[in-house]
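Results of the structural survey
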Amino acid sequence: MGINTARTAITAVLSADSTLTTLLTGGIYAVGVNNVGEISRQSTPDAFDENGELLPCALVKLETAVPIGPHKRGARQFLVVYVYQRAGHSVINTALDRIVDLLDEVDVPAANAWEIRWADLVTDLPEDSLDASMGYVRFSLIVSL
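Residues numbered from 1 in each chain as written. Predicted model: local features only at pLDDT ≥ 70, side-chain atom pairs only at ≥ 80, totals over all residues. Heavy atoms only, no water.

**Concerning the overall build of the chain**
Looking only at helices and strands, one finds three helices and five strands in the chain. Ordered by position from N to C terminus, the α and β elements of the chain give α-α-β-β-β-α-β-β. Its C-alpha atoms give the chain a radius of gyration of 15 Å, within 12% of the compact-globule value 15 Å for 145 residues. For the chain, the proportion of its 145 residues judged to be buried stands at 45%. Expressed as a percentage of contacts within the chain between residues at least 6 apart in sequence, the contacts between residues at least 24 apart total 58%. For the chain, the exposed area adds up to about 7,400 Å²; of that, 50% sits on carbon and sulfur atoms. Each charge class in the chain was averaged separately, 10 positive and 18 negative side chains, and the resulting centres sit 11 Å apart. (Helix = DSSP H or I, 4+ residues; strand = E, 2+ residues; numbered from the N terminus. Rg over C-alpha atoms; globule rule 2.2 N^0.38 Å. Buried < 20%, exposed > 50% of the residue type's maximum accessible area, 1.4 Å probe, protein only. Contact = heavy atoms within 4.5 Å. Areas by Shrake-Rupley, 256 points an atom, 1.4 Å probe, with all protein chains shown as cover. Lys, Arg positive; Asp, Glu negative; His and termini not counted. Charge placed at Lys NZ, Arg CZ, Asp CG, Glu CD.)

Encoded structure:
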């Protein structure tokens, strides 16, 4: 199971939810998939409207993996979903709530991820490089690498 497969599988769970995709009109992206490293006009052009303004969108990113027993390749993996919008936080807050509903206490076998639990949530941040608003939710997953 490659890390890109895990990102893709979890992103697919989020992208399959019509409630979430209706909110995130700019799309849901994963770092390391399809050359995405960040939300930008270059790597995620669909996250921007015809005037170059940011649309509500999300970015899935895997963080640190820490070995955990009893299995030889078992680990606790952290995953963050960043949500952006041009101004304000109303879409961010609603989308973060929905993302927690979709992933908390869920297993995603296609990602080799079990015991997904939300770990922390921040809703009201500025995102200076995009001149936008941002929030995120971090999850802890048990994975088989």
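Read on, since the account is not over.
**Considering the sheet that holds strand 1 (residues 28-30)**
Judged by pairing direction, the sheet is mixed, and its five strands sit side by side in the order 1-2-3-5-4 without closing on themselves. If you trace the sheet from one side to the other, it starts and ends with strand 1 and strand 4 (113-127), each paired once. The mean angle between the axes of side-by-side strands here comes to 20°, regardless of whether they run parallel or antiparallel. With nine bridges joining them, strand 2 (residues 57-67) and strand 3 (residues 74-85) adopt antiparallel strand pairing. (Pairing = 2+ DSSP bridges. Axes fitted to C-alpha atoms, helices over the stretch in contact; angles between N-to-C directions.)

**Describing helix 3 (residues 90-103)**
Under the 1.5 Å per step criterion, the end-to-end length of helix 3 is 20 Å for 14 residues, consistent within 8% with the ideal 20 Å. Inspection of helix 3 places I92, A95, L96, I99, V100, L102 and L103 among the buried residues, and these make up the whole buried set. Seen end-on, helix 3 carries its buried residues on one side only, within an arc spanning 160°. Of the exposed residues in helix 3, those oriented more than 90 degrees away from the buried face are S90 and D101. (Expected span 1.5 Å × (residues − 1). Arc of directions from axis to C-beta.)

**With respect to the pattern of salt bridges**
The full count for this structure, using the stated rule, is five salt bridges. Measuring nitrogen to oxygen at the nearest pair gives 2.6 Å for the salt bridge that ties D17 to R98. Taken together, the positions of D17 in the loop between helix 1 (3-15) and helix 2 (18-23) and R98 in helix 3 put the pair 81 residues apart, joining distant regions of the chain. Accessibility expressed as a relative area gives 25% for R98, which makes it partly exposed. (Salt bridge = Lys/Arg side-chain N within 4 Å of Asp/Glu carboxyl O.)

**Observations regarding the side chain of R7**
Inspection of the secondary structure puts R7 in helix 1. This buried residue, R7, is left without a salt bridge; E63 holds the nearest opposite charge, at 11 Å. Dropping the residues within four chain positions of it, R7 is found in contact with A30, V31, G32, V33 and L62.

**Things to note about the packing of aromatic side chains**
Going through the model one piece at a time under the given rule, you end up with one aromatic pair. Here Y82 and Y136 contribute two aromatic rings whose centre-to-centre distance is 5.7 Å and whose plane-to-plane angle is 55°, an arrangement assigned as tilted. Taken together, the positions of Y82 in strand 3 and Y136 in strand 5 (residues 132-144) put the pair 54 residues apart, joining distant regions of the chain. Its relative accessible area of 16% is what places Y136 among the buried residues. (Phe/Tyr/Trp six-rings, centres within 6.5 Å; stacked < 30°, edge-to-face > 60°.)

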